[in-house]
There are 2 protein chains.
Amino acid sequence: MAQKVKLSTIAEELGVSTATVSLALRDSPLVADITRDRIKTAARELGYIYNRRAASLRTSRSGIVGVCVHDVMNPFFGEILKYVEHELDRRRQTFILSNHYDDLSKQRAFVDTLLQLGADGLILSPAIGTPAEDIRLAEGNDLPTVLIARTIEGSGVCGFRGDDAFGMALAVDHLIAEGHREIAMVGGTPLTSTGRDRAAGWRSALRKAGIEPKPEWRIEGPRSRDTGFEAGQSFAQMNNRPSAVVCFSDMVALGFMYGLARSGLTPGVDVAVVGYDDIAEAKIAMPSLTTVSNGQAEVGHRAAGALLDRLAGNPASDETVLIKPVLKVRDSSHFAGELRKRIEA
Amino acid sequence: MAQKVKLSTIAEELGVSTATVSLALRDSPLVADITRDRIKTAARELGYIYNRRAASLRTSRSGIVGVCVHDVMNPFFGEILKYVEHELDRRRQTFILSNHYDDLSKQRAFVDTLLQLGADGLILSPAIGTPAEDIRLAEGNDLPTVLIARTIEGSGVCGFRGDDAFGMALAVDHLIAEGHREIAMVGGTPLTSTGRDRAAGWRSALRKAGIEPKPEWRIEGPRSRDTGFEAGQSFAQMNNRPSAVVCFSDMVALGFMYGLARSGLTPGVDVAVVGYDDIAEAKIAMPSLTTVSNGQAEVGHRAAGALLDRLAGNPASDETVLIKPVLKVRDSSHFAGELRKRIEA
DNA sequence: CTGAAAGCGCTTACAG
DNA sequence: CTGAAAGCGCTTACAG
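This structure is a prediction, so every number in the text was calculated from the model and none was measured.

What follows is about the overall build of chain A. From N to C terminus, chain A includes 14 helices and twelve strands. The C-alpha radius of gyration of chain A comes to 26 Å, more than 25% above the 20 Å expected for a compact globule of 345 residues. The dimensions of chain A, computed from C-alpha atoms along their principal axes, are 90 × 40 × 35 Å. For chain A, the proportion of its 345 residues judged to be buried stands at 55%. At a minimum sequence separation of 6, the contacts of chain A that also span at least 24 residues come to 70%. Total accessible area on chain A is roughly 14700 Å²; 51% of this is exposed by carbon and sulfur atoms.

As structure tokens, this is what we get:
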């Protein structure tokens, strides 16, 4: 390729200074209209490419925002990110994405890269085991951070997530209203705030209804479609199988229903199933999946908004915003209830 | 936060030059072992953060690779990206991801950003309508490009994708062997190479078996689970419904099966269904989905490898590598065949 | 093995 | 409204 075109190339071409070119290209009112137009035309004709590294070195603003979550392929995160992406696009920020797969060292390597690139901010759904210290380190190195989906005690930064305990209680209350008394919870781990809070919501909703959850009703672990599938197959073999389950997530629930079906049971009839998140697939699944809407749109929008606010110089908040979940009743939990009522009648 | 620590801070602290510090931190053999150790220790203690913008401005190497696909949330791309990610991680390259949603202007904005950041390379699954000129422009501005999943005539760069026509023919041949004579194809668009090639494979496999595909057997459009679902519902209402369908992708097939089931048909029994891609979900779906393995691992690995090769200074190739697909027979196509044979017997 | 100096391509006071 | 000059934090010949 030919010689690289830079500000000074344009400046020489037109017989003006690089300062004027720089100002003109960014529409500074300091530059006369005619000059600006001449400069912009020349830039276009010469195929000028703005060098953001140089600019960023000078201004210490990079226009880069890092986003790091467990796994983008998980629709729950994918849906949140769509909204984050939309918001950042509008503000002309470049976003760099990384999965951490709950591997702390991968997350740290990513944060390091962001610091090296002089990123302007970070939106993070922290990996299991992330110490508050890691967040403070990022903040201490001028990397404003906003948490999503999971939060960390004492991190001192703001975060957005659903009210997990409340949402899971909605699911359990619904199943109780449908006539169930034995309700298992499948999936999740006490290692994340999400896992702890949802399990707590399940447990306390049962107790409030006077039902003491049996230890074997709490099936920890699954957090993916695959492992949900395995859990569904095991569940089908279980002695004294509960009549209903709430799942840690829709992914788990959808896999669980596949697993039940593979074992010859009909989800929604033999076992009532409720998911969590209300991802797009829930509505079209067979049977359609009763679930708890977890506010992906709101989390994504507000997290991006909060970060952009801080970048604009507004004061930081350290508040965790809990978004109210909403129960979506569909066939996976409702068929069974209907049948039960008919039998009892 | 305190004063920013830079090379010169360390240099002053230890009474050496910044040149020595720079060399030491990158393990140059020019620096004495003791000096290097002292420097590295000081860097750690002072909390030094390497400024990649400054380095990159000087060296014109950024360590950044851009990746742009239709949508990361689509497991087909997600799976490819996992392998790309793995390969780039190993080589300590930072990767910047973007969806283009088949919007050419979004793709262009992303390529522009990469040029501005001085990215070292681009892995692209081009948006519908991408002119070869766009690729040449990137290459002309020192952004080596490798294509995945879709290719572009006359782009002059190398690409990796499955052999779509061959793969779809495998699927059709299988259904014919199962006894089907009326086989529809659901989904895909002639606007992409993938869509054209798969439809061509379907059509020519039918003709080779002496079957002339009826126009109404080609149901164009769906490329997602949602639209596959709608297609499944419409298909259920169709007069003279074919006994089998091949789908543009697993996502379409999985949605299609949901749609059939929602309409009261049993996928795999009332209608044989074959997908394309062999994403992880295919194996656990109900019924398990017969599909064509599309080499996501190989595409991801080899595309990343080819790009890294070029970055290492090896000569560019302009070859499109076609990866051989493999048929995976499962229940969604096999039940129906079994039943048919029994009925005929 | 180490240091002094130039330069990557911008932006930003400052002066006019 | 425009220009001359310094400086962001590195790396790289070059000299010693």
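Picking up where we left off.
Once that is clear, we can look at the domain arrangement of chain A. Partitioning chain A into domains gives domain 1 (7-50), domain 2 (62-161 + 296-323) and domain 3 (164-294 + 328-344). If you average the C-alpha positions of domain 1 of chain A and of domain 2 of chain A, the two centres end up 36 Å apart.

Attention now moves to the protein's contact with DNA strand D. The local shell around DNA strand D holds 25 residues, among which Ser 17, Thr 35 and Arg 58 of chain A together with Ser 22 and Arg 58 of chain B are the closest. If you look at DNA strand D and keep only atoms within 4 Å of the protein, 71% of those are sugar or phosphate atoms. Between DNA strand D and Ala 32 of chain A there is a distance of 3.1 Å, counted from a phosphate oxygen to a backbone nitrogen or oxygen. Note that a phosphate oxygen of DNA strand D is positioned 2.9 Å from one of the backbone N or O atoms of Leu 7 of chain B.

What follows is about the protein's contact with DNA strand C. Near DNA strand C you find 25 residues, and of these Ser 22 and Arg 58 of chain A together with Ser 17, Thr 35 and Arg 58 of chain B are the closest. Near-protein atoms of DNA strand C (within 4 Å) split between backbone and bases, with sugar and phosphate holding 71%. A distance of 2.9 Å is found between a phosphate oxygen of DNA strand C and a side-chain nitrogen or oxygen belonging to Lys 6 of chain A. In the environment of DNA strand C, a phosphate oxygen lies 3.1 Å from a nitrogen or oxygen atom belonging to the backbone of Ala 32 of chain B. For the surface near DNA strand C, the secondary-structure elements that each account for two or more residues are α2 (18-25) and α4 (52-59) of chain A together with α2 (18-25) and α4 (52-59) of chain B. Ranked by residues supplied to the surface near DNA strand C, first place goes to α4 of chain A with four residues. Residues of the surface near DNA strand C, tallied by class, amount to 14 nonpolar, seven polar and four charged.

Residue and element names in this part refer to chain B. Of the two faces of strand β11 (residues 320-323), the one lined by Val 321 and Ile 323 is fully buried and the one lined by Thr 320 and Leu 322 carries no buried residue. Here strand β5 (residues 159-162) runs beside β11; their pairing, made up of four bridges, is parallel. Residue pairing for β11: Gly 159 is matched across the bridge by Thr 320.

Turning our eyes to something else, we now look at the relation of the copies chain A and chain B. Take chain A, turn it by 180°, move it 0.0 Å along the axis, and it overlays chain B with an RMSD of 0.0 Å. Interpreted geometrically, this transformation is the action of a two-fold axis. Looking at the interface residues of chain A, 100% of them are also at the interface in chain B, so both copies use one shared face.

What follows covers the packing of aromatic side chains. Any aromatic ring pair is given by two values, namely how distant the centres are and how the planes are angled relative to each other. Residues and elements named next belong to chain A. As enumerated under the stated definition, the model contains four aromatic pairs over all chains in all. Its guanidinium or amino end placed over the ring of Phe 248, Arg 198 lies 5.0 Å from that ring's centre, counting from NZ or CZ. Directly above the ring of Phe 166 sits Lys 324, whose terminal nitrogen or CZ lies 4.4 Å from the centroid.

A word on the interface of chain A and chain B. Between chain A and chain B, the residue contacts involve 49 residues of the former and 49 residues of the latter. Taken together, both faces of the contact between chain A and chain B bury some 4600 Å²; the carbon and sulfur share is 59%. Of all residues in chain A, Arg 53, Met 73 and Ile 284 of chain A give up the largest surface area on contact with chain B, accounting jointly for 17% of the area buried on that side. Linking chain A with chain B are eight salt bridges. Close ionic contact of Glu 281 of chain A with Arg 225 of chain B constitutes a salt bridge, the shortest N to O distance being 3.1 Å. Connecting chain A to chain B are 24 residue pairs in polar contact (both at pLDDT 80 or more). Among the elements of the structure, α4, α5 (75-90), β2 (94-99), α6 (104-117), α10 (225-237), α11 (250-262) and α12 (281-284) of chain A are those that each provide at least two residues to the side of chain A that touches chain B. The biggest single contributor to the side of chain A that touches chain B is α5 of chain A, with six residues.

Between two packed helices, the angle of one axis relative to the other and the distance separating the axes together describe the packing. Residues and elements named next belong to chain B. Two numbers describe how helix α5 (residues 75-90) lies on helix α13 (residues 296-311): the axes approach to 8 Å, and their chain directions differ by 40°. In terms of orientation, α5 and α13 fall into the oblique class. Judged by the twist between their axes, the crossing of α5 over α13 is right-handed. Along its contact with α5, which presents Phe 76, Glu 79, Ile 80, Tyr 83, Val 84, His 86, Glu 87 and Leu 88, the element α13 presents Gln 296, Ala 297, Val 299, Gly 300, His 301, Ala 304, Gly 305 and Leu 308. A breakdown of the residues in the contact of α5 with α13 according to their chemical character gives nine nonpolar, five polar and two charged.

Definitions and limits used
Residues numbered from 1 in each chain as written. Chains lettered and ligands numbered in written order. Predicted model: local features only at pLDDT ≥ 70, side-chain atom pairs only at ≥ 80, totals over all residues. Heavy atoms only, no water. Helix = DSSP H or I, 4+ residues; strand = E, 2+ residues; numbered from the N terminus. Rg over C-alpha atoms; globule rule 2.2 N^0.38 Å. Buried < 20%, exposed > 50% of the residue type's maximum accessible area, 1.4 Å probe, protein only. Contact = heavy atoms within 4.5 Å. Areas by Shrake-Rupley, 256 points an atom, 1.4 Å probe, with all protein chains shown as cover. Domains from an automatic or database assignment. Near = heavy atom within 4 Å. Polar contact = N/O pair within 3.5 Å; in protein donor to acceptor, adjacent residues only side chain to side chain. Nonpolar A, V, L, I, M, F, W, Y, C, P; charged D, E, K, R; others polar. Pairing = 2+ DSSP bridges. Least-squares fit on C-alpha atoms with pLDDT ≥ 70 in both. Phe/Tyr/Trp six-rings, centres within 6.5 Å; stacked < 30°, edge-to-face > 60°. Lys NZ or Arg CZ within 6 Å of the ring centre and 35° of its normal. Buried area = accessible area lost by both parts, 1.4 Å probe. Salt bridge = Lys/Arg side-chain N within 4 Å of Asp/Glu carboxyl O. Axes fitted to C-alpha atoms, helices over the stretch in contact; angles between N-to-C directions. Parallel < 35°, antiparallel > 145°, perpendicular 65-115°, else oblique. Left-handed = near helix turned anticlockwise from the far one by under 90°.

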